[in-house]
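# Secondary and tertiary structure notes
Letter by letter, the chains look like this.
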Amino acid sequence: MTVEDGRLAEVTGDPDHPFTRGVICGKVRAYAERVHSPLRVLTPLRRVGPKGAGEFAPVSWDEAIATIAARWRALIAAEGAEAILPFSYAGSMGQVQYYAGHPLFHALGASRLHRSICISTAYAGWTATLGAVTGNDSEQMVGADLVVLWGINAAYSSVNVMTLVKQARQRGARVVTIDPYRTPTAQQADEHLMVRPGTDAALALGVMHVLIAEGRLDHAYIERATLGFDRLAEHVKAWAPEVVAPITGLDAGAIVAFARRYGASRRTFLRIGIGLSRHDNGGMTCRTLACLPALTGAWADPHGGALLSSGGAGGFDYAVLERPDLLPARRPRIVNMIRLGRALCDRTLRPPIRALYVYSSNPAAVCPDQTRVLAGLAREDLFTVVHEQVLTDTARYADLVLPATTSMEHLDLYRSYGQFTLQLAEPVLPPQGEAKSNWEVCGLLARALGVAEAHYARTPEELIRAFLAAGDASVRAITLERLRERGWVRLDLPRPYLPFAHGAPTPSGRVEFYSERLRAQGLPALPTWTPLVEGPADAALAARYPLQCLVPPNRFFLNSSFGQSERLRARQGPPTVLLAPADAAARGIREGDAVRVESPRGAVRLTARVTDATRPGVAVIEGIWWHRFHPGGRGVNTLTSDREADLGGGPAFHSNLVEVSPA
Ligand SMILES: Nc1nc2c(c(=O)[nH]1)N[C@H]1C(S)=C(S)[C@@H](COP(=O)(O)OP(=O)(O)OC[C@H]3O[C@@H](n4cnc5c(=O)[nH]c(N)nc54)[C@H](O)[C@@H]3O)O[C@H]1N2
Ligand SMILES: Nc1nc2c(c(=O)[nH]1)N[C@H]1C(S)=C(S)[C@@H](COP(=O)(O)OP(=O)(O)OC[C@H]3O[C@@H](n4cnc5c(=O)[nH]c(N)nc54)[C@H](O)[C@@H]3O)O[C@H]1N2
Ligand SMILES: [Mo]
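Residues numbered from 1 in each chain as written. Chains lettered and ligands numbered in written order. Predicted model: local features only at pLDDT ≥ 70, side-chain atom pairs only at ≥ 80, totals over all residues. Heavy atoms only, no water.

### Re the overall build of the chain
If you tally the helices and strands in the chain, you get 28 helices and 26 strands. Scaling as 2.2 N^0.38, a compact globule of 663 residues should have a C-alpha radius of gyration of about 26 Å, and the chain matches this with 25 Å. Taken over the C-alpha atoms alone, the chain extends approximately 70 × 60 × 50 Å along its principal axes. With 663 residues in all, the chain has 62% of them scored as buried. Nonlocal contacts in the chain, meaning residues at least 24 apart in sequence, comprise 77% of its contacts between residues at least 6 apart. In the chain, the 71 positive side-chain charges and the 64 negative ones have mean positions that sit 2 Å from each other. (Helix = DSSP H or I, 4+ residues; strand = E, 2+ residues; numbered from the N terminus. Rg over C-alpha atoms; globule rule 2.2 N^0.38 Å. Buried < 20%, exposed > 50% of the residue type's maximum accessible area, 1.4 Å probe, protein only. Contact = heavy atoms within 4.5 Å. Lys, Arg positive; Asp, Glu negative; His and termini not counted. Charge placed at Lys NZ, Arg CZ, Asp CG, Glu CD.)

### Examining the sheet that holds strand S17 (residues 412-414)
Pairing is antiparallel in the open sheet, where three strands are placed in the order S17-S18-S19. Two strands close off the open sheet at either side, each with one partner strand: S17 and strand S19 (488-490). Pairwise comparison of adjacent strand axes, ignoring direction, gives a mean angle of 15° for this sheet. Pairing between S17 and strand S18 (residues 421-425): three bridges, direction antiparallel. Note on S18: the bridge partner recorded for Asp412 is Ala425. Packed on one face of the sheet, helix H22 (residues 460-469) meets S17 and S18 and runs near 35° to S17. (Pairing = 2+ DSSP bridges. Axes fitted to C-alpha atoms, helices over the stretch in contact; angles between N-to-C directions.)

### Description of the nonpolar core
Core analysis: the largest hydrophobic core is formed by 193 residues, its most contacted members being Trp72, Trp150, Leu295 and Val597. Top contributing element to this core by residue count: helix H10 (residues 200-213), with ten residues. With residues up to four places along the chain from it excluded, the contact list for Trp150 reads Ile178, Asp200, Leu203, Ala204, Phe258, Leu270, Arg271, Ile272, Gly273, Leu276, Leu289 and Leu292. Val11, Phe557, Leu568 and Trp625 belong to the second largest nonpolar core, which has 13 residues in total. (Core = buried A, V, L, I, M, F, W, Y, C linked by side-chain atoms within 4.5 Å.)

### Some remarks on the packing of H10 against helix H13 (residues 241-248)
For any two helices packed against each other, the geometry comes down to the angle between their axes and how far apart the axes lie. Where H10 contacts H13, the axes come no closer than 9 Å and their chain directions differ by 160°. With respect to H13, the element H10 is oriented roughly antiparallel. In this structure, H10 crosses over H13, and the sense of that crossing is left-handed. From H10, Ala202, Leu203, Gly206, His209 and Val210 reach across to H13, where they touch Pro241, Val244, Ile247 and Thr248. Looking at the contact of H10 with H13 residue by residue, the class counts come to six nonpolar, three polar and no charged. (Parallel < 35°, antiparallel > 145°, perpendicular 65-115°, else oblique. Left-handed = near helix turned anticlockwise from the far one by under 90°. Nonpolar A, V, L, I, M, F, W, Y, C, P; charged D, E, K, R; others polar.)

### Things to note about a nonpolar patch on the surface
The grouping of Met1, Val3 and Val428 at the surface amounts to a nonpolar patch, some 230 Å² of accessible area in total. Considering the arrangement of structural elements, one finds Met1 in the segment before strand S1 (2-4). (Patch = residues over 30% accessible without salt bridge, like charges linked within 9 Å, V, L, I, M, F, W, Y side chains within 5 Å. Areas by Shrake-Rupley, 256 points an atom, 1.4 Å probe, with all protein chains shown as cover. Salt bridge = Lys/Arg side-chain N within 4 Å of Asp/Glu carboxyl O.)

### What to know about helix H19 (residues 370-377)
Restricting attention to buried positions, one finds in H19 the residues Gln370, Val373, Leu374, Gly376 and Leu377. When H19 is viewed along its axis, its buried side chains cluster within an angular range of 160° and face the same direction. (Arc of directions from axis to C-beta.)

### Considering the site of ligand 1
In the neighbourhood of ligand 1, 33 residues make up the surrounding shell, with Asp179, Gly198, Asp200, Phe557 and Asn559 lying closest. In this structure, a nitrogen atom belonging to ligand 1 sits 2.6 Å away from a side-chain N or O atom of Asp200. Within the backbone of Ile274, an N or O atom sits 2.8 Å from an oxygen atom of ligand 1. Against a free-state accessible area of 910 Å², the protein chains account for coverage of 95% of ligand 1. Class assignment for the residues of the shell around ligand 1 results in 17 nonpolar, eleven polar and five charged. Looking at which domains feed residues into the shell around ligand 1, each of domain 3 (135-308 + 500-520) and domain 4 (539-662) gives three or more. (Near = heavy atom within 4 Å. Polar contact = N/O pair within 3.5 Å; in protein donor to acceptor, adjacent residues only side chain to side chain. Domains from an automatic or database assignment.)

### Some thoughts on the sheet that holds strand S5 (residues 84-88)
Pairing is mixed across the open sheet formed by six strands, whose spatial order is S4-S3-S16-S15-S14-S5. Two strands close off the open sheet at either side, each with one partner strand: strand S4 (56-58) and S5. Between one strand axis and the next, the sheet turns through 20° on average, direction left out of account. Of the strands in this sheet, strand S3 (45-47), S5, strand S14 (355-359), strand S15 (383-388) and strand S16 (400-403) touch helix H3 (residues 61-79), which is tilted by about 130° from S16.

### Description of the pattern of salt bridges
On inspection of all chains with the given rule, the structure shows 35 salt bridges. Of the charged contacts, one joins Glu409 and Arg40 as a salt bridge, the two residues approaching to 3.0 Å between their closest N and O atoms. In this pair, Glu409 is assigned in the loop between S16 and S17 and Arg40 in the loop between helix H2 (31-35) and S3, connecting sequence segments 369 residues apart. A salt bridge links Asp399 to Arg47; its shortest N-O distance comes to 2.9 Å. With Asp399 in the loop between S15 and S16 and Arg47 in strand S3, the pair connects residues that are 352 residues apart, well separated along the chain.

### Here we look at H13
For an α-helix, 3.6 residues make a turn, and residues three or four places apart therefore share a direction. Taken as a whole, H13 has its buried residues at Pro241, Val244, Ala245, Ile247 and Thr248. In the stretch just after H13, Gly249 is the one whose phi turns positive, near 80°.

### Description of the packing of aromatic side chains
Throughout the structure, instances matching the rule amount to 19 aromatic pairs. Considering the side-chain rings of Trp299 and Phe500, the 4.9 Å spacing of their centres and the 75° angle between planes classify their relative orientation as edge-to-face. With Trp299 in the loop between helix H15 (282-296) and strand S12 (305-307) and Phe500 in the loop between S19 and strand S20 (511-512), the pair connects residues that are 201 residues apart, well separated along the chain. We classify Trp299 as buried; its relative accessible area is 0%. For Phe500, a relative accessible area of 1% corresponds to the buried category. Through pairs of rings, three or more aromatic residues link up here, namely Tyr89, Tyr98, Tyr99, Phe316, Tyr318 and Phe467. Directly above the ring of Phe562 sits Arg34, whose terminal nitrogen or CZ lies 5.4 Å from the centroid. Just above the ring of Trp61 sits the side chain of Lys436; from NZ or CZ to the centre is 5.3 Å. (Phe/Tyr/Trp six-rings, centres within 6.5 Å; stacked < 30°, edge-to-face > 60°. Lys NZ or Arg CZ within 6 Å of the ring centre and 35° of its normal.)

### Section: the site of ligand 2
Inspection of the region around ligand 2 gives 32 residues, with Arg34, Glu388, Val551, Ser560 and Ser561 positioned closest. Between ligand 2 and Glu388, the relevant distance is 2.4 Å, taken from an oxygen atom to a side-chain nitrogen or oxygen of the residue. Here an oxygen atom of ligand 2 and a side-chain polar atom of Ser560 are 2.5 Å apart. Coverage of ligand 2 by the protein chains reaches 96% of its 920 Å² of free accessible surface. Residues lining the shell around ligand 2 come from more than one domain, with at least three contributed by each of domain 2 (37-118 + 316-490) and domain 4 (539-662).

### With respect to the domain arrangement of the chain
In terms of domain boundaries, the chain breaks down into domain 1 (1-34), domain 2 (37-118 + 316-490), domain 3 (135-308 + 500-520) and domain 4 (539-662). Across the interface of domain 1 and domain 3, roughly 480 Å² is buried in total on both sides, 63% from carbon and sulfur atoms. For domain 1, the biggest contributors to the area lost against domain 3 are Phe19, Val23 and Cys25; these three give 73% of the whole. Counting across the domain 1 and domain 3 interface gives zero salt bridges. On the surface where domain 1 and domain 3 come into contact, there are one residue pair in polar contact (both at pLDDT 80 or more). The residue makeup of the side of domain 1 that touches domain 3, split by class, is three nonpolar, one polar and one charged. (Buried area = accessible area lost by both parts, 1.4 Å probe.)

Structure (C-alpha cells):
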C-alpha cells in the first residue's frame, strides 16, 4: 500500500503471505480508483427528486441520524419493529463491519434477514455429508496426481488457487476442469469436461458407479469413517455411465476414463466452486461431490481430498459479534434476502416492510428478479436508507444515503473461505469526506434509539479481542498483537490439515453417504440427481426459452463492486452474451450483434459473442454491471429467478431458461 499526499496511490500484495505470495487480482490493484472515485459518497445525502433518479442534497450527520431515529420510532409504535428490514451482505467482508448491524436490529426486534445469496445452499449440501464446512488445505494439491477444478472459475474468482494449480501441474498432476463453458480456468487445464448445467450430481453418481463396480475403493477408510456404504453401492447401480452420458452431455467413455483416473490414486484433489451450487439442485450436487473422496480415501491423504470452502474451519464464537441474546423472546420473522423484491411488493405481509436499511450490499443489481426488486425500491411509502461507499444503483433509490468508509479507512479482521489464515487490516487512510464505518453508524443509531448501547460502547479493537478470545483452541492463541506483527496469522490447525481423515462431525460422527437428517426433512437420504426445476425437463417452458443461461462473475468486477471504475469497465469491454455458433446461426445472430436476451422474468440487451467456448444450448452472461452502464439500463439479474434451491434457501441464479433474438 502506498499513500502519497493523503491519497492511496498503489496497492500491492504481500510476498510473505503464505497463501497469496504477493499475487493480487487486477480489480484490487485498481482500488485507489475506487477509494477516490468521482462516484464516492462523501457526505450524508437526502433525496430531492423522484425515487431512483439519484437527485440528492447534502445534509449533516446529526440531521440524518435524527431523521432515521424519528422515522423508525414512529413505525415501531404504529406497526411494530418488524416493519423495519435490515439488508446487508458481505461488502468488503471484515467481521466487525459484516456483523455491525446485527446487535442493533436484534435489539430493536426488526425483521431478520436470511443472508442466503452466496453460500447457504452449497454449505447446506456439504454439511449434509460432512457436518462442517471445511476441507483439506488447497496447498495440499501440490503433490497430487489429479486436480479437478469442479465448477470453479479460479482464474477469475480465486486467482491464488491458480498459483497452486500451476505448481501441481509442474509436479506432474493432471488438471481437469468441469464446467459447461470453457473459462480461462478450463483453458489452462489438461482436460475439460463440458458438462450440461445442473448435471454434476449425475456425473458424480456415474463416477461412484464405476469406482464401486471396479473396486477402486479404500475399504479401510470406508469402514472406519463412513456411514451407509452398502446402501450407496446398491443405489448407484442404477447410475451406469450409459445412463449418465445423455443426462450430462458427456461420452460414456469419457466418464469411465475420468472415474478410473480418479480412482487410480488417493492423491486426488477436488477444488469445488460455490458457483456450482447456484442451481435448483445445487445443494444435493455439493453433498454428492463431498462423497467422492470418502470412497477412495482421499480425505485422509496429505495430497488429496477436497475443498469447497474453509469458511467453517476454526471454532469461532459468532455470538460475540451477532448478539442473539438481544433478540426479543418472540423471535422476529425471517425474510430471505434473495426474495427481497417479493417481500417489498407483498401487500399481505403483516406488518408490511415500511423501512429498509441497506449496508454492504447493492441489491438493486445483485438480487435475482431485478424487476420486482426495483418495483419494491420505487415504493413511495418505503423509507429507504443506504449506507454506501459509492452511489450504486440501490443508493439512487434511497431517501437517505450515508457515506461509508472503505477497508482502507477502517480496522477489521478478515477470514477467508479458500484458505486458513486470519488477516488484520489497519486503516492506511483517514475516512474520506465525512464517511463512517458500519460499526460507527450502527453505534450512532443504537444510541439515538436507546438500544444495545453497551455493545457499541466498545471499540472495534475490543470487539476483535473478545471475538478471538472466545474461539476454540485453533483461534484462541491468536491475539491482536500477533496479528499486528505481520497482518496475518494461520489458524492453529495441523499440517497437513485432514479434517475428515477419521470421520466427520455429523450426527453419526462419520462421513454420511446415507443421511438420516435429510430423510427426516423429507429429502432423499442418499446422494442423487434431480432435473432442474427450470431446465430442459420442463418441455413447455423450454420450447419458448430453449437456452440455459449461466450468469457467473466476470474478471474485473467483484459482484457489482468495481462497476464504478471507468478503467475496469474499459478493460472488461461491453456486457456480452456468449453463444455457441450453431445457436447463433439458428437465430441469424453474428459476432458483435446487439441482441435481446429474454427469460420468463424479463429481457436485457447485450452484445453477442459467438464462440465455441460454450456448448450448444448454453448461453453465458458474465458479470454484474451497474444499471447505468448497461445498455437499456437493466442488468443481468432481470433474467434470474428468486426461486430457492433445494437446500439452504440459496438462489438458483444459473437455472435460468432464456431465448435470444437480434435486438
Ligand atoms: N473476478 C471476480 N472474482 C470473484 C467474484 C466476482 O464477482 N468477480 N465474486 C466472489 C464471490 S462473492 C464468490 S461467491 C466467488 C464465486 O466464485 P466461484 O466459486 O468460482 O463461482 P462462480 O464463478 O459463480 O462459478 C464458477 C463456475 O461454475 C460454472 N457453473 C455454472 N453452472 C455449473 C454447473 O452446472 N456445473 C458446473 N460444473 N459448473 C457450473 C460457471 O460456468 C463458472 O465458470 O467468487 C469470488 N471472486
Ligand atoms: N447474476 C449474478 N448475480 C449474483 C451472483 C452471480 O454470480 N451472478 N453472485 C451472487 C453472490 S455470490 C454474491 S456474494 C452477491 C454479492 O452481492 P453484494 O454483497 O451486494 O456485493 P457487491 O455487489 O460487491 O456490493 C457490495 C456493496 O457494499 C459496499 N461496501 C463495501 N464495503 C462496505 C462497508 O464496509 N460498509 C458499507 N456500508 N458498504 C460497503 C460496496 O461499495 C458495494 O456497493 O451477489 C450475488 N449475485
Ligand atoms: Mo459470493
